[in-house]
Amino acid sequence: MEIDTIIIGSGAGGLSAALTLSRAGQNVLVLEQHEIAGGWCHSFKLNGSRFTPGVHYIGLLGEGESSSDLYKGLGIANDLVFFRMNKNGYEHCWIGEERFNVPANIDEFVNSLTKQFPHEKRGIRRYLNTVRDVSRELQLIPKMNGFWDAITIPWRTRHLGKYGLFTLKRVIDWHVKDPLLKLILNVQCGDHGLPPGRASFPLHSAVMEHYLSGGYYPMDGGASIVKAMTKAIKGYGGEVRTKQMVKSILLEGDDKKRAVGVELQSGEKIYAKRVISNADPSKTYLDLIGEKNLSPKLVAKLNETKYSCTSLMLFLTVDMDVRAAGLDSGNIWVMPNRDMDDVYNEMMSTDIESGDYFSGLFISCTTLKDPASFDGRHHVLEVLTYINYEAFSKFKDEDKKRSIEYLEFKTFLTNKMINSLERVVPNIKNHIIHKDLGTPMTNEYYINSTDGSVYGTEKSLKQIGPNAFRAQSEIENLYLCGASILAHGVTGATYSGIQTAAIILNCRQEDLIHPDENQKLRIYNAEDDSEYPQWMKDKIKSKRKQ
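The structure reproduced in this document is the subject of the present report.

A closer look at the overall build of the protein chain
- Of regular secondary structure, the protein chain possesses 18 helices and 20 strands.
- Taking 24 Å as the expected radius of gyration for a compact globule of 546 residues, we find that the protein chain reaches 23 Å, a close match to that expectation.
- Across its three principal directions, the C-alpha atoms of the protein chain cover 65 × 60 × 50 Å.
- The 546 residues of the protein chain split such that 59% are buried.
- Counting only contacts in the protein chain whose residues sit at least 6 apart along the sequence, the fraction spanning at least 24 positions is 73%.

Side note on the environment of Gln-499
- Here Gln-499 lies in helix H17 (residues 489-505).
- C-alpha separation for the pair Gln-499 and Ser-311, spaced 188 residues apart in sequence, amounts to 28 Å.
- Ignoring sequence-local partners within four residues, the contact set of Gln-499 consists of Ala-471, Ile-485, Leu-486 and Gln-509.

Side note on the environment of His-34
- Within the secondary structure, His-34 sits in the loop between strand S2 (28-31) and strand S3 (44-46).
- Its relative accessible area of 10% is what places His-34 among the buried residues.
- Separated by 209 residues in sequence, His-34 and Lys-243 place their C-alpha atoms 5.1 Å apart.
- Filtering out sequence-adjacent residues up to four positions away, His-34 remains in contact with His-42, Thr-242, Lys-243 and Tyr-446.

Some thoughts on the sheet that holds strand S10 (residues 246-252)
- An order of S10-S11-S12 is seen for the 3 strands of this open sheet, with the pairing classed as antiparallel. Of all the strands in the sheet, just S10 and strand S12 (269-271) have a single pairing partner and so form its edges. Adjacent strand axes in the sheet meet at a mean angle of 30 degrees, parallel and antiparallel pairs treated alike.
- Note: S10 against strand S11 (residues 258-264), 6 bridges, orientation antiparallel. From the neighbouring strand, Ile-249 faces S11, where its bridge partner is Val-262.

Overview of the nonpolar core
- Counting 56 residues, the largest nonpolar core has Phe-109, Leu-113, Tyr-127, Leu-128 and Leu-185 as the members making the most contacts within it.
- Formed by 42 residues, the second largest nonpolar core is a distinct cluster that contains Leu-15, Val-55, Ile-58 and Ala-501.

Cut-offs used in this document
- Residues numbered from 1 in each chain as written.
- Predicted model: local features only at pLDDT ≥ 70, side-chain atom pairs only at ≥ 80, totals over all residues.
- Heavy atoms only, no water.
- Helix = DSSP H or I, 4+ residues; strand = E, 2+ residues; numbered from the N terminus.
- Rg over C-alpha atoms; globule rule 2.2 N^0.38 Å.
- Buried < 20%, exposed > 50% of the residue type's maximum accessible area, 1.4 Å probe, protein only.
- Contact = heavy atoms within 4.5 Å.
- Pairing = 2+ DSSP bridges.
- Axes fitted to C-alpha atoms, helices over the stretch in contact; angles between N-to-C directions.
- Core = buried A, V, L, I, M, F, W, Y, C linked by side-chain atoms within 4.5 Å.

Given below as structure tokens:
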């Protein structure tokens, strides 16, 4: 059978493109270089514990909200179960000696902030209203179609027009003055990896609004989303192959400007009518197409492109009562009570060996977010900090067999991460059953991301919106999707795949994710098991007997 579309990479964008195209009747083949599908959404096990490096929470899953409608529209909602994280604090801000819990309700959020910062009451309300206005206008743009929408765009996106070209720092400075309040409102900068002075205000608004009604975590981790998508793809006749490293995209035509398939590292050539790359732009154009086949304009853009920061991620299994130690299903953001731009610059220093602690941490306990995964004895934590890739540049040419110098460096950083975590969870080092550290090299090896970047291209003003890479490339029949094209994060990348599929099918994005009344997400409270159905109680009981 002739293949209509080959998709390189099985991240959320690649899988959503494959799902929507296969549902439309195309014969689709997804090629994944890793042994597990999913990209950043994949899950893996270490010493019997499950970890998901790229899925820590998802927002807007309530009835009628956009993420809920997305999964229903894709036809996979019935296969998904989510736990709602602590509604009284799905985010916990540990800023120096100060503590603030972010509740899953905007009115409660406003009330909590104004109670602590009564002198900023007016600014708080105005700022959060602006965040919601700009984010919702941003969501309107891809839905606008036809003459009337064209006429009303200036009025319907007036807030986006007013604030669209400003940084987060500039806009928040206009509304609030208290330094601690700014840190609380900006804490989710960690979700796009840029400090307020460089972050796009519209992008930060979209991230913040995504979580204003709370955070949710998928039962069985990110792998459950991957499993639901791959099941649907296969149900429509598509195929997902793992351990298939693509060496190059095959080009034909007098000017080598038409994509006709791919060549694998094994030498096998697979032909198709078109190719979609879920790899980032540099991997796609420079590695798979080759600079000689690109226009000077595109080469110049690629040479100027910056990628997001990379990370260290500590994977821990512990045998302690982490609830008694103060943890719950909410995320914990840890940072010093100092200007966030200064802290970020400190984190991006290439000298990450100095000091006893890392300046910023993100702490997630997945066995509290997903109670069905807890075996009754061992809790699982994922602890993250952002770093500059250059701190690992001397190891970038090593193969899978790492040098002794790399392993010693990794051990040192692992201990520094644990020391940093101990400031939040005292004595945890004496309860560690298993530990491992993901580095920028880990990100490159398993995710194939440029410089181990965690969010694709850097989400600065110069690289988003009209300045971002396009889904439709200058190469005929070659398309892109993923975190560098439309938006990052699980849902952002998922929407990018749908957008790319819509371009190929010559339809609108909403035509591919129309509501399905037969689809329903199952959502339960991570902090209260009183309403768990019997099947879940049986699952938990079985897990704790293992």
